[in-house]
Structures are given as C-alpha cells and as structure tokens.
Amino acid sequence: MDAISHKQSFWTKYIFSTDHKVIGMQYAIMGIIMAGVGGFLAYIFRYNLAFPGAYIPLFGHLSAMQYNAFVTCHGMIMVFWVGMPVLLSSLGNLLIPLMIGTDDMAFPTVNMLSFWIFFVSALVLLSSFFVPGGAFGGGWTMYPPFSAGGYVNKNPAFFKELFSGTSLMILAVALELVAMLMGGINFLVTTINKRAKGMTPFKIPIVVWFINIASVIFMFSVGPLVAGAFMLLFDNVLGTGFYDPARGGDPMLWEHLFWFFGHPEVYVLLLPALGVLAEVFPVFSRKPLFAYKPIVYLALVSAILSVLVWAHHQFVAGIDPRMATFFSIGTILISIPFAGIFLSFMATLWGGSIRFTVPMMWALGFIGLFLIGGLTGLYLGSNAFDIYAHDTYFVVTHFHYTLFPDIFFGFFAAVYFWFPKFTGKTLNSALGKLHFWCTFFFFNGTWFVLFFNGLAGQHRRINDYSDFSLIMKEPYMSFEKFATVCAILLILSQFIFLYNLFTSLAKAKTSVRNPWQSNTLEWLAESPPPHGNFETYPEVYRGPYDYSVPGSTEDFLPQNVPVAHGEAEAIANVQNGITTSTNTI
Amino acid sequence: MNIFPENVSTYGQELDNLFWLITVFVMIAFVVSLFVLIYPLIKYRKKPSIKAEYITGERKKHFKWVVIALALLLASDFVIMYCEHDAWDQIESVPAKADVRVGIIARQWNWIFVYPGPDGILNTSDDVIVDELNSSLHVPINKNIVFELRSQDVIHSFFLANARFKQDVLPGRTVVRWFNLTKEGKYDISCTQICGILHSKMRNFVIAESDDKYKHYIDSLYTANGHKTTSAK
C-alpha cells in the first residue's frame with residue numbers, strides 16, 4: 001500500500017515486473033505488435049487476391065505455399081496473439097485490481113510468468129516462418145490429417161518434425177493457452193478474494209464480471225483442445241495415429257475437440273469487449289447502465305450455452321444430419337442473451353445526455369458493425385443455408401464483421417477511455433475521431449462487398465481464382481480490387497493512432513484523476529496509479545452506475561460515496577412517477 | 001443481376017428461397033435496431049439544461065421492452081428453423097430410388113470419378129475410373145444421382161455452387177449424398193477445405209447432359225477403359 005517506499009531497478013519495474021499494470025501494458029504492447037504482423041500478412045494476401053501473381057510492394061512475389069501459410073497465420077495471430085492478449089489479458093490485468101479496489105493480483109508472480117510464457121509462445125509462432133518448409137498452411141483450424149503430415153511417413157524423424165512449421169504452431173498455441181490459463185486463474189481468484197470492503201457481487205462493474213465469465217468459459221473449454229493439440233503433436237513427431245483412420249483414429253475427433261474450444265473462444269473474445277461498452281455507455285450518457293442485473297444473468301446463461309453450439313461449424317463435415325438440429329437450436333438460443341445485452345446497451349442511451357467523445361464513438365461503431373455481424377449469423381445458424389455458405393466469403397465476411405469490431409473497436413474504446421488513467425496523459429481527440437472515421441469507413445469498404453462474392457460462390461483460402469468461372473467475372477473481380485484498396489487504407493489508418501499515441505506520450509502529464517467524471521474505483525487512484533494503486537483502500541457503498549441520481553447535485557456518484565440520507569426515497573419517487581428526475585436540479 | 005450463381009438442382013431453389021426469407025427478417029431487425037441506436041443519439045444529445053433520466057432498467061416497466069424484442073427475435077428464429085427444416089432434410093437424406101450411382105474420390109489435388117461397370121453395380125471389380133486433372137463427372141439430367149464421397153488422403157470438401165451443394169469428404173468414412181440436376185451444362189466443382197499447395201487448382205466439372213449423351217459417354221468409357229477396369233481399382 002505504501003506506494004513511495006518501493007525501490008525498483010529498471011528490470012524489475014518494467015521488464016520482469018509483477019505489477020499488474022505493467023503486465024497489462026506488456027500484453028497490450030505485445031498485442032499491438034502482433035496485430036502489426038497479422039495486418040501485414042493480410043496486406044500481402046489481399047494484394048495477391050486483387051492482383052494475382054503481381055509483385056507486392058514491401059514483399060515480392062507470393063507463392064501458393066506462402067499464401068496458405070499467411071492466411072493461416074493471419075487467423076491464428078489475430079485470434080490468439082491479438083484478441084486474447086489485448087481483450088482478456090491486458091484489460092483483465094489493468095482493470096480488475098483497480099476496479100475492485102485492491103493493490104495487485106492475487107498471484108503477482110504467476111501473473112508475470114503468464115506474460116513471459118505468452119511472450120515465448122509468440123516467438124515460437126514467429127520462428128515457424130523461418131524453418132524449412134515455412135509456417136503451417138492448413139488453415140487456422142488445423143484439421144488433420146493435413147496438419148499431421150498426411151501420414152505419409154509413419155516413423156517420423158523426431159527432431160525434424162519437431163522443428164517443422166506444423167509442430168511449432170501447435171506448440172505455440174499450447175503455450176499461449178497455458179499463459180492464458182494462468183491469467184484466468186489470477187482474474188478469478190483476485191475478483192473472488194480481493195474486492196474492496198462493501199463490494200458485493202452486484203456492485204462489481206460489468207467489465208470485471210465479463211472478464212471473469214470469459215475466463216470461466218475459457219478454462220472450461222480449453223482442456224479438450226490442449227489434449228487434442230498434444231495428440232496432434234504426437235501424431236506429427238512420434239508417428240502415433242490418433243487422427244489417422246487407417247490406424248483406428250478419426251479426423252472428426254479433432255474437429256470436435258477444436259470447435260468445443262473454438263466456438264466458446266468467440267465469447268471469450270466478445271465478453272471483455274462488451275464489458276468495455278458497459279463502462280463507456282453509462283459514463284457518456286450520464287445514465288445508469290440499463291438492466292445491470294439482467295445483463296449479468298444473461299452473460300451467465302450465455303456461458304452455459306456457449307459449450308453447446310460447437311458443431312454448427314461442422315454442419316457439412318459429415319456429422320449425422322439429425323444432430324444438426326440440436327446445434328441449430330443451441331445457436332439460436334445463444335443469440336438471445338447476447339441480443340439482450342446489446343439491446344440493454346442501446347437502451348442505456350435512451351433518455352441520456354449523450355457526449356460524443358472518442359471512446360463513445362468507438363463503442364457506438366462497435367454496436368453498428370456488430371449488428372451486421374450478428375444478423376448475418378442468422379443465415380449461418382440455419383443449417384440448410386449453411387450447406388451453401390460454409391467456407392465461402394460469406395462466412396469470412398460474417399466473422400470479420402463480428403471479430404473486427406470486437407477486437408479492434410472494443411480495444412480502441414478501452415484505450416481512448418482509460419489512457420488518461422494509466423499514463424496521466426490525454427490522447428488528442430481530433431486525431432482520435434479521424435482514426436475512428438477512417439477505420440469505420442475502410443473496414444466497411446473492405447468487407448461489405450465481399451458478402452456478395454461469398455453469395456456468388458467464392459470459396460475461401462484460394463490464392464488464385466483463375467480456374468473458377470463463377471468468380472472470374474464482373475462485378476466480383478472489381479469487388480476484390482476495391483476490398484484490397486480499402487484494406488490497405490484501413491491498415492494505413494492505424495498509423496494515425498500510433499502517431500497520436502507517441503505524440504501524446506511525449507507530452508507533459510495532465511494528471512487528472514477522473515477526467516470523464518466516472519464512478520468506478522480506478523478513477524480514485526492517482527493517474528497513473530503508483531505501485532500499490534491506492535493511498536488507502538477504498539470502501540464501496542453503491543453500484544458502479546449511479547449517474548444522474550435524483551436529488552444529488554452532481555450527475556455522478558462514485559462507488560466510495562456513502563448513500564445519502566433520503567436518496568432511496570428520492571429515487572423511489574422518481575421511479576414511481578411522483579416527481580421527474582429531469583427537473584430536480 | 002442475380003446474386004447467386006444459376007441454380008440447376010431440384011433442391012437449390014429451396015435454399016435460395018430460404019435466403020430471401022431470412023433476408024426479410026434480417027432487414028426488419030436491422031432497420032429497427034439502427035433506429036433504436038441512432039434516434040437517441042440525435043434526440044438525447046447533450047443539452048446544458050437537461051439532466052439525464054434516472055432509469056436503471058431493472059423495473060418491469062422498462063425491461064419489458066427488451067423481453068418483447070427478444071421474444072420477437074426468438075419467434076423469427078424458430079420460423080426460420082421451421083422453414084429450413086424441409087430444405088435440410090431434402091438435401092441431406094438420400095432418396096430411396098437412385099437412378100445413377102457413382103463414386104467421387106478426393107485426392108491431393110484432383111477429383112476422381114468412379115462409374116459402375118457393365119454389371120451396373122458400384123464398388124465391384126469392373127468399375128470404370130476417371131482419374132485425370134480437370135476431368136468431368138458426367139451425369140444425366142432429371143435423374144437422382146446418388147454419390148459416395150471418399151478421400152484418399154486429407155479432408156477435402158466437394159462444392160458444386162450451381163447445385164447449392166457442399167459436403168466435406170473425410171478420410172476413413174464414406175458419405176453418401178445426392179443431387180438431381182435439371183439443366184444441361186458444365187459446372188465447376190471446387191474443393192472448399194484447404195488441402196495443400198494446389199488447393200486452388202482442385203477444380204473439376206460436372207457435365208449434366210441428356211440421357212442419350214450420357215449413355216454414349218458411358219459406352220465410350222467402357223470401350224476405352226475396358227481392358228484396365230480391373231487393375232484401375
């Protein structure tokens with residue numbers, strides 16, 4: 001707690017730090033770097049799609065093998081090395097201890113270990129680009145037998161196979177999952193045990209709830225995948241036959257193990273970002289979050305349902321056709337809690353006093369884009385239409401309309417919102433708005449047209465469509481080019497953010513504790529919070545969203561403000577229509 | 001401009017209809033949601049004199065709107081499911097009466113077609129095998145074509161966009177499916193499950209033709225391949 005007495009060297013303070021804020025930053029920075037790698041890969045293969053075989057500036061010519069590897073690694077990186085670190089690990093580490101009013105994580109050393117295992121996993125993945133044969137190129141789903149070398153050689157050379165692109169990717173994913181598990185355990189134990197006095201479960205901010213629910217979903221679903229990944233690794237390096245039908249194995253086993261994790265993973269990525277929206281909307285509408293408790297219950301329901309929908313990725317994989325109905329119903333049901341959460345966020349805006357700040361714009365953009373992503377899910381949840389749409393650009397576009405707003409809009413909303421807290425400095429809001437509008441327009445430009453390519457039958461992971469008459473015609477060729485130009489502009493737009501970031505960091509501290517006039521506990525700490533966070537442990541008296549409370553002079557009441565005499569009556573009077581809140585001040 | 005490729009199968013129209021049905025629901029939901037999102041942004045934009053309303057959303061009066069919206073969404077979901085059930089059943093359940101039975105084998109990176117030999121039964125020693133790059137599967141039109149899908153190596157996926165048909169082909173199992181093509185023509189088969197370096201080149205054709213032309217083609221296959229029908233298997 002005594003923030004000043006800590007004397008730390010550069011190494012223990014910034015590199016091998018056990019401070020949750022430094023670790024959170026490390027995860028965020030690592031995520032941004034990996035997003036750069038993933039984005040660069042996207043640039044290369046999008047360029048190739050628009051101009052097949054052409055010379056690609058900053059890269060050269062792209063071979064079919066490289067194309068496959070880059071598409072695969074783009075997916076892997078964006079999900080496991082961008083989405084997971086920036087949304088789950090970074091936000092979880094930065095926010096949980098501060099928002100529940102404590103000094104650090106329950107297990108700071110495990111936390112540090114978690115980051116460094118994650119760091120190693122990223123290095124292992126990147127190193128796979130440089131081994132003979134290059135990185136793995138069989139799709140991020142890694143379906144065997146392709147990912148098991150096709151069982152050409154039943155007695156593989158151990159070391160040669162261990163240092164192949166395939167094995168390195170499996171290892172990297174397994175390491176990454178271990179790192180995330182360590183983080184997840186920390187989040188849960190910290191939230192359960194270290195909350196400030198008075199912070200009962202229904203006084204916990206939604207973002208903390210959601211990160212914890214995401215951690216539970218992750219932990220529940222990850223076991224089978226890690227087991228499956230090791231079986232796949234053994235198939236590769238030891239010549240076992242877990243997925244080899246000729247020796248009694250079954251490739252379908254992997255599909256089940258993979259998607260049993262892979263689909264819940266979507267919600268692991270979605271929930272923390274939704275949590276960010278739940279913090280941003282009330283602050284910038286100056287209104288309580290609509291339906292706090294129902295939102296928590298809806299998220300808990302979604303967590304249970306999330307493990308019952310996986311086989312909707314396998315409608316055309318050869319599963320029993322009768323089984324599809326079950327997973328179709330599961331898919332329909334899980335859309336309900338998430339629709340409820342989104343509707344509650346939108347309802348928060350009604351009757352508010354809305355401020356169009358930069359984080360608010362990212363949050364609103366998130367909802368707008370996710371609306372398209374969510375609604376196109378209706379087509380794919382229908383198992384019959386999925387027969388046609390599966391593995392076409394319709395699917396690819398659908399999940400980019402969900403994951404892009406989720407990972408990037410959610411992350412940027414968080415960055416612009418909490419940047420003043422964690423650096424003591426402010427990002428330029430004009431540049432922030434420019435960054436938002438460029439990203440919003442160029443994202444739509446990249447993807448919207450590709451819905452039509454998908455419906456025209458354009459299938460995914462093809463480096464050269466010249467053999468396919470359905471695609472090699474107008475307007476689909478022009479759509480490809482248009483998408484590529486927009487994708488390049490989308491990537492370039494991110495330099496606005498980097499410029500804003502570095503110039504803002506170079507400025508002098510503004511050191512405002514609570515610039516947005518927000519209620520949650522992190523705003524009580526100094527900006528940036530020192531090691532140990534708070535001068536004294538805060539005590540909590542109220543929920544996190546008491547904005548514009550009737551009878552109070554300020555339009556916000558932080559969680560550490562005791563409930564005033566007569567507050568309950570004033571609220572009850574307004575809610576029962578005896579007086580109106582609008583005119584009380 | 002039609003947004004789908006031309007449909008030539010008996011069941012394809014059902015999927016196209018299903019698409020438009022879902023589109024009606026999606027459009028309504030999209031417009032309503034966009035209104036719910038954008039209207040308050042204009043109406044409740046910050047004004048200095050007006051304080052935000054205190055609505056927790058946990059009282060019945062307010063939360064009922066969310067419940068109503070969710071009920072409508074759930075209802076439309078089930079309407080979609082009810083309507084699609086028929087299409088799914090048609091495509092996935094093979095009709096009892098097969099007019100023609102063929103084998104389709106996937107291999108890195110080609111589709112191989114197996115026709116029954118003169119005995120008319122598939123998977124016997126006199127089967128005729130066509131194993132050439134960019135070859136075509138010949139089928140008669142307006143007949144129930146039942147096919148057995150197998151893979152020799154990795155997972156592939158058989159996609160015939162014009163028939164709205166797709167099916168993954170996994171090594172170690174035989175998947176039996178069918179289609180009935182209604183229009184003569186040559187249609188692309190593609191592989192939609194990434195299967196290696198020449199995944200992009202795994203393109204063959206289905207040639208749908210009249211009964212006479214089909215019989216003629218089979219006869220020519222028998223004469224040309226008669227001598228090697230046993231060894232080819």
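About the cut-offs
Residues numbered from 1 in each chain as written. Chains lettered and ligands numbered in written order. Predicted model: local features only at pLDDT ≥ 70, side-chain atom pairs only at ≥ 80, totals over all residues. Helix = DSSP H or I, 4+ residues; strand = E, 2+ residues; numbered from the N terminus. Rg over C-alpha atoms; globule rule 2.2 N^0.38 Å. Buried ≥ 20, exposed ≤ 12 C-beta atoms within 10 Å, placed from the backbone. Contact = placed C-beta atoms within 7 Å. Pairing = 2+ DSSP bridges. Axes fitted to C-alpha atoms, helices over the stretch in contact; angles between N-to-C directions. Nonpolar A, V, L, I, M, F, W, Y, C, P; charged D, E, K, R; others polar. Domains from an automatic or database assignment. pLDDT = per-residue confidence, 0-100. Parallel < 35°, antiparallel > 145°, perpendicular 65-115°, else oblique. Left-handed = near helix turned anticlockwise from the far one by under 90°. Expected span 1.5 Å × (residues − 1). Bend = angle between axes of the 7 residues up to and from the residue.

## Re the overall build of chain A
Next up, step 1: Along the backbone of chain A there are 16 helices and 0 strands.
Next up, step 2: In terms of overall dimensions, chain A is globule-like: its C-alpha atoms have a radius of gyration of 24 Å, near the 25 Å expected for 585 residues.
Next up, step 3: In terms of overall dimensions, chain A has C-alpha extents of about 75 × 55 × 50 Å along its principal axes.
Next up, step 4: Within chain A, the fraction of its 585 residues that count as buried is 58%.
Next up, step 5: Within chain A, contacts between residues at least 6 apart in sequence are counted, and of these 82% link residues at least 24 apart.

## Focus: the sheet that holds strand β9 (residues 185–191) of chain B
Residue and element names in this part refer to chain B.
Next up, step 1: The strand order across the open sheet formed by 5 strands is β4-β10-β9-β6-β7, and the pairing between neighbours is mixed. Either end of the sheet is taken by a strand with one partner, and the two such strands are β4 (136–140) and β7 (165–169). Neighbour-to-neighbour, the strand axes of the sheet open up by a mean angle of 20°, direction not taken into account.
Next up, step 2: In terms of strand pairing, β4 meets strand β10 (residues 203–209) through 5 bridges, oriented parallel. Across the sheet, residue L137 finds its bridge partner in β10, namely V206.
Next up, step 3: Of the strands in this sheet, β4 and β10 touch helix α3 (residues 211–225), which is tilted by about 135° from β4.

## Comments concerning the interface of chain B and chain A
Many structure descriptions define interface size as the accessible area lost when the parts assemble.
Next up, step 1: Facing the 74 residues of chain B at the interface are 82 residues of chain A.
Next up, step 2: Where the side of chain B that touches chain A is concerned, the elements lending two or more residues are α1 (12–43), α2 (60–92), β6 (156–160), β7 and β9 of chain B.
Next up, step 3: At 15 residues, α2 of chain B tops the list of elements feeding residues into the side of chain B that touches chain A.
Next up, step 4: Looking at the side of chain B that touches chain A residue by residue, the classes come out as 44 nonpolar, 13 polar and 17 charged.

## Describing the domain arrangement of chain B
Next up, step 1: The assigned domain composition of chain B is domain 1 (12–92) and domain 2 (100–232).
Next up, step 2: Here the C-alpha centre of domain 2 of chain B lies 43 Å away from the C-alpha centre of domain 1 of chain B.

## Quick notes on the confidence of the model for chain A
When pLDDT is low, close inspection of the predicted coordinates is not appropriate.
Next up, step 1: Here chain A averages 92 in pLDDT, while 97% of its residues score no lower than 70.
Next up, step 2: The element-level mean pLDDT for chain A is lowest in helix α1 (residues 10–15) of chain A, coming to 82, with helix α14 (residues 429–455) of chain A highest at 97.

## Points about unusual backbone geometry
Residues and elements named next belong to chain A.
Next up, step 1: P144 connects to P145 through a cis peptide bond whose omega is 5°.
Next up, step 2: Mapped onto the elements, P145 comes out in the loop between α4 (108–127) and α5 (158–162).
Next up, step 3: With an omega dihedral of 5°, the bond running from E474 to P475 counts as a cis peptide bond.
Next up, step 4: Relative to the helices and strands, P475 resides in the loop between α14 and α15 (476–506).
Next up, step 5: Here A291, not a glycine, exhibits a phi torsion of approximately 60°, which is positive.
Next up, step 6: Within the secondary structure layout, A291 lies in the loop between α8 (251–285) and α9 (292–305).

## Points about the packing of α8 of chain A against helix α10 (residues 321–349) of chain A
Residues and elements named next belong to chain A.
Next up, step 1: Between α8 and α10, whose axes approach to 9 Å, the crossing angle comes to 15°. Here α10 runs roughly parallel to α8, going by the angle between their axes. Crossing hand, α8 versus α10: left-handed. Residue-level inspection shows L274, L277, A278, F281, P282 and S285 of α8 in contact with α10, the latter providing I341, F345, T348 and L349.

## Points about the packing of α4 of chain A against helix α6 (residues 165–193) of chain A
Residues and elements named next belong to chain A.
Next up, step 1: It is the contact of α4 with α6, at a shortest axis distance of 8 Å, that shows an interaxial angle of 165°. One finds that α4 runs roughly antiparallel with respect to α6. Regarding α4 and α6, the two cross each other, and that crossing is left-handed. Residue-level contacts link V110, N111, L113, S114, I117, F118, V120, S121, V124, L125 and S127 of α4 to L168, M169, L171, A172, L175, E176, V178, A179, M182, G183 and N186 of α6.
Next up, step 2: For the contact of α4 with α6, the class distribution of residues is 15 nonpolar, 6 polar and 1 charged.

## Concerning the pairing of β10 of chain B
Regular strands show a simple pattern: their side chains alternate between the two faces of the sheet.
Next up, step 1: Summarising the sheet, β9 of chain B and β10 of chain B pair through 6 bridges and their orientation is antiparallel. By the bridge assignment, Y187 of chain B is partnered in β10 of chain B with V206 of chain B.

## Brief notes about the sheet that holds strand β5 (residues 145–151) of chain B
All names here are of chain B.
Next up, step 1: Spatially, 5 strands are ordered β3-β2-β1-β5-β8 in an open sheet, and the strand pairing comes out mixed. At either end of the open sheet lies a strand with only one pairing partner, and these are β3 (128–130) and β8 (175–179). Averaged over all adjacent pairs, the angle separating strand axes in this sheet is 25°, with direction ignored.
Next up, step 2: Here strand β1 (residues 100–107) runs beside β5; their pairing, made up of 7 bridges, is parallel. Directly across from A106, in β5, lies its bridge partner S151.

## Regarding the environment of A106 of chain B
Residue and element names in this part refer to chain B.
Next up, step 1: Summarising the element assignment, A106 is placed in strand β1.
Next up, step 2: Residue classification places A106 among the buried residues on the basis of 26 C-beta atoms within 10 Å.
Next up, step 3: Sequence separation between A106 and R164 is 58 residues, and the spatial gap between their C-alpha atoms is 19 Å.
Next up, step 4: Those residues in contact with A106 that lie beyond four places of it in its chain are W111, S151, Q152, H156 and V169.

## Details of α8 of chain A
Residue and element names in this part refer to chain A.
Next up, step 1: Between the first and last C-alpha of α8 there are 51 Å, a value that for 35 residues agrees with the 51 Å anticipated at 1.5 Å per step.
Next up, step 2: The largest bend along α8 reaches roughly 30° and is located at W259.
Next up, step 3: Where burial is concerned, most of α8 is hidden: 31 out of the 35 residues are buried.
Next up, step 4: At the C-terminal side of α8, R286 shows a positive phi close to 50°.

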